[in-house]
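Next come the chains, spelled out residue by residue.
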Amino acid sequence: MSPSSTANPLRDGRDRRLTRIAGPSALVLFGVTGDLAQKKLLPAIYDLANRGLLPPSFSLVGFGRRDWTHEQFADVVEESVRDHSRTSFNPDVWNQLKAGIRFVQGGFDDGAAFDTLRDTLAELEKTRGTRGNHAFYLSIPPKSFEAVCQQLSEHGLAQGEDGKWRRVVIEKPFGHDLESARELNAIVESVFPPDAVFRIDHYLGKETVQNILALRFANQMFEPLWNARYVDHVQITMAEDIGIGSRAGYYDGVGAARDVIQNHLLQLLALTAMEEPISFDAKDLRAEKEKVLAAVTLPEDLGAHSARGQYAAGWQGGEYVNGFLDEEGIPEDSATETFAAIRVDINTRRWSGVPFYLRAGKRLGRRVTEIAVVFKRAPNLLFTEGESEEFGQNAVVIRVQPDEGATLRFGSKVPGTQMEVRDVSMDFGYGHSFTESSPEAYERLILDVLLGEPPLFPRQAEVELSWKILDPFEKYWADSGTQPESYAPGSWGPEQAAELLERDQRTWRRP
Ligand code: BG6
């Protein structure tokens, strides 16, 4: 028997190759008119239905202020599905889904509306067979969590009984610092038990992010090198070419570091740096992530090891774009950063002395998220300076998006009579290696909520550890009283960011 055929898909008596289909349930969506619901959540629900991953009884209840009938809400859902779904529109699938769509009109403090919600869910249980299993998706500003959680509790909707489950889904931002994150959590957990709370960090739903675990722990060739003996440093980049668009209300006062470093980038760091978990079960995976986040140490001189920027007005890709301070709804003296970079270290035997550089920004050169593990140079280089002029450091680059895949960069001899060596790369691209396209992050995450599978959802401890890492930087920036440095749209951020790495005799990659 070949080694590969010994892998047993029936481990634990469960055939892991079987498609995972959600059981009877209803999803109640608060915040139906928001951008996230329209562009991501509603289309993802349809895509799940179209892939046959939702049960026939699945029902969707929208809750909001609009004066809509069930029919009108269904039309809104249909429009968003037609505009944004990943899979093609299938009238049969749509009609099946539509039969379970309801709308409840009301505000978050309107007790009568929650009576109607309770009656609607009871009706769906009877007529559609949802078996009283309900997920409440709070796609609303955190300041409304308290009102909604209280209403759900008072109307007996938060407590599952007789085997009926109740789950609540919350979206980042989970607070704006450690203290507020704790307060927010106390509000949610005063109503729902901790294992009923599903916190969404949509990066964890991305295929390429889950692939970090496969790359590291399925293979033998990377892990022996994945440590301070061979790795020089790690760069994690999340670059966007767009500005803040119409999100001034949310973004001002938040900024790049709170928006994406506290969550997405620190989750990428945790998956890249953590030890092998004893299994991929939620408690084992979360425990390893928490261990490594708890081992993160900050530089003494926070100023020298961080950078902040704000995009200026200018030309980007043939279009003249507003500067951040000219965006609608942003005060002209706003000190909110649209670019942030930080250095952190990890105080473990594996990573001691290996800096992790994290950067994120809007209106940068191109949209790209990647993790680059950059290796030390070979200890004895037989090549002269001239022969190795175009030879950098070896690297494993995990390309999260777009162009999902991984790249190995190494040196190779240039054809010719000289022993000249130059960087070359070897690529794995999802598009080339697999015929099936990757599901959207929200498809995976909504399915996992309905299945009650928590591994891809951070628990509160991770959220708090991440704020402990970011809060000192935020405090330093706020106390410094300085404006973020301006940078040109389409560039790779402010000068400060380049200087941060130059101080350590390193440079950022140009993805
Ligand atoms: C969100 C941030 O979490 O992620 C946005 O709030 C950002 O500011 C978005 O644009 C990027 O997501 P993605 O999946 O397009 O990388």
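The model shown is predicted, which means the values in this text are computed figures rather than measured ones.

Chemist: What's the story with the overall build of the chain in this structure? I'm lost.
Modeler: Counting its secondary structure elements, the chain contains 14 helices and 18 strands. If you line up the chain on its principal axes, its C-alpha atoms span 80 × 70 × 45 Å. Relative to its full complement of 511 residues, the chain shows a buried share of 53%. Pairs at least 24 apart in sequence give 77% of the contacts found in the chain among residues at least 6 apart. Positive and negative side-chain charges of the chain, numbering 57 and 76 respectively, have mean locations separated by a distance of 5 Å.

Chemist: Honestly, unusual backbone geometry in this entry has me stumped. Any pointers?
Modeler: Backbone geometry follows two general trends: most residues other than glycine have a negative phi, and most peptide bonds adopt the trans configuration. A cis geometry characterises the amide bond from Lys172 onward to Pro173, with omega recorded as 5 degrees. Note on placement: Pro173 falls in the loop between β5 (166-171) and α6 (178-189). A cis geometry characterises the amide bond from Gln401 onward to Pro402, with omega recorded as -15 degrees. Mapped onto the elements of the fold, Pro402 is located in the loop between β15 (395-401) and β16 (405-413).

Chemist: Would you take a moment to explain the nonpolar core for this structure?
Modeler: In this structure, Leu27, Phe30, Leu117, Leu152, Phe192 and Phe356 are the most contacted members of the largest nonpolar core, which totals 146 residues. Every residue in contact with Phe30, bar those within four places of it in the chain, is listed here: Phe63, Phe108, Phe114, Leu117, Phe136, Tyr137, Leu138, Ser139, Ile140, Val148 and Leu152.

Chemist: In this structure, what is going on with the site of the ligand? I would like to understand it.
Modeler: By nearness alone, 13 residues border the ligand, and Tyr203, Lys206, Glu240, Asp259 and Gln401 come closest of all. Within the side chain of Arg367, one N or O atom sits 3.4 Å away from an oxygen atom of the ligand. Side-chain polar atom of Gln401 to an oxygen atom of the ligand: 2.6 Å apart, as the coordinates give it. Computed on the free molecule, the ligand has an accessible area of 400 Å², of which 83% lies beneath the protein chains in the complex.

Chemist: For this particular structure, what's the right way to read the pairing of strand β13 (residues 356-361)?
Modeler: The side chains of a regular strand alternate, residue by residue, between the two faces of the sheet. Most of β13 is tucked away: 6 of the 6 residues are buried. Burial along β13 is two-sided: the face carrying Phe356, Leu358 and Ala360 and the face carrying Tyr357, Arg359 and Gly361 are both buried. Where strand β12 (residues 339-346) lies against β13, 6 bridges are found, and the strand directions are antiparallel. Looking at the pairing, Ile342 lines up with Leu358 of β13.

Chemist: Explain helix α1 (residues 35-50) to me, please; I cannot follow it from the model alone.
Modeler: For an α-helix, the turn length of 3.6 residues means that residues three or four places apart are oriented alike. With 16 residues, α1 should reach 22 Å at 1.5 Å per residue; the first-to-last C-alpha distance of 22 Å fits that figure. A maximum bend of about 30 degrees is found in α1 at Leu41, where proline Pro43 lies one to four positions downstream. Considered for burial, the residues of α1 that qualify are Ala37, Leu41, Leu42, Pro43, Ala44, Ile45, Tyr46, Asp47, Leu48 and Ala49. Immediately beyond the C-terminal end of α1, within one or two residues, lies Gly52, with a positive phi of roughly 75 degrees.

Chemist: I tried to follow the pairing of strand β9 (residues 306-311) on my own but got confused; where do I start?
Modeler: Taking burial as the measure, the 6 residues of β9 include 6 buried ones, the bulk of the element. Here 3 bridges tie β9 to strand β18 (residues 485-487), and the two strands are oriented parallel to one another. Paired with Gln310 across the two strands is Ser486, which belongs to β18.

Chemist: Explain the packing of aromatic side chains here, please?
Modeler: With the rule as written, the count across this model stands at 24 aromatic pairs. Between Phe473 and Trp477, the aromatic rings sit 6.1 Å apart at their centres with planes inclined by 35 degrees, giving tilted as the arrangement. Taken as a pair, Phe473 and Trp477 lie in helix α13 (residues 460-480) at a separation of 4 residues, close to a single helical turn. The residues Phe473 and Trp477 share a single accessibility class, namely buried. Taking the ring centre of Tyr203 as reference, the NZ or CZ of Lys206 above it sits at 4.6 Å. For the cation-ring pair, Arg363 lies above Tyr311, with the distance from its terminal atom to the ring centre recorded as 5.7 Å.

Chemist: So what exactly am I meant to see when it comes to the packing of helix α7 (residues 207-218) against helix α9 (residues 255-273) here?
Modeler: The contact between α7 and α9 brings their axes to 9 Å, and the two run at 10 degrees. As summarised for this structure, α7 and α9 are arranged roughly parallel, according to the angle between their axes. Here Val209, Ile212, Leu213 and Arg216 of α7 lie close against α9, whose contacting residues are Leu268, Leu271, Thr272 and Ala273. Taken together, the residues of the contact of α7 with α9 break down into 6 nonpolar, 1 polar and 1 charged.

Chemist: What am I meant to see in the confidence of the model for the chain here?
Modeler: Detailed reading of predicted coordinates is not advised where the pLDDT is low. In this model, the chain carries a mean pLDDT of 94, and residues with pLDDT of at least 70 account for 96%. Contacts of residues 1-15 to residues separated by more than four positions or lying in other chains number 8 contacts, the stretch itself having pLDDT below 50.

Chemist: Which parts of the structure should I look at to understand the sheet that holds strand β3 (residues 101-105)?
Modeler: Strand pairs in the sheet, formed through backbone hydrogen bonds, run parallel or antiparallel to each other. The 6 strands are arranged β3-β2-β1-β4-β5-β6 in an open sheet whose pairing can be described as parallel. Looking along the sheet, the strands with just one partner apiece sit at the ends: β3 and β6 (197-200). Ignoring strand direction, the axes of neighbouring strands in this sheet form an average angle of 20 degrees. Note that strand β4 (residues 134-138) and β5 share 5 bridges and pair parallel. Opposite Phe136, over in β5, you have Val168 as the bridge partner.

Reading the values: the criteria
Residues numbered from 1 in each chain as written. Predicted model: local features only at pLDDT ≥ 70, side-chain atom pairs only at ≥ 80, totals over all residues. Heavy atoms only, no water. Helix = DSSP H or I, 4+ residues; strand = E, 2+ residues; numbered from the N terminus. Buried < 20%, exposed > 50% of the residue type's maximum accessible area, 1.4 Å probe, protein only. Contact = heavy atoms within 4.5 Å. Lys, Arg positive; Asp, Glu negative; His and termini not counted. Charge placed at Lys NZ, Arg CZ, Asp CG, Glu CD. Core = buried A, V, L, I, M, F, W, Y, C linked by side-chain atoms within 4.5 Å. Near = heavy atom within 4 Å. Polar contact = N/O pair within 3.5 Å; in protein donor to acceptor, adjacent residues only side chain to side chain. Areas by Shrake-Rupley, 256 points an atom, 1.4 Å probe, with all protein chains shown as cover. Pairing = 2+ DSSP bridges. Expected span 1.5 Å × (residues − 1). Bend = angle between axes of the 7 residues up to and from the residue. Phe/Tyr/Trp six-rings, centres within 6.5 Å; stacked < 30°, edge-to-face > 60°. Lys NZ or Arg CZ within 6 Å of the ring centre and 35° of its normal. Axes fitted to C-alpha atoms, helices over the stretch in contact; angles between N-to-C directions. Parallel < 35°, antiparallel > 145°, perpendicular 65-115°, else oblique. Nonpolar A, V, L, I, M, F, W, Y, C, P; charged D, E, K, R; others polar. pLDDT = per-residue confidence, 0-100.

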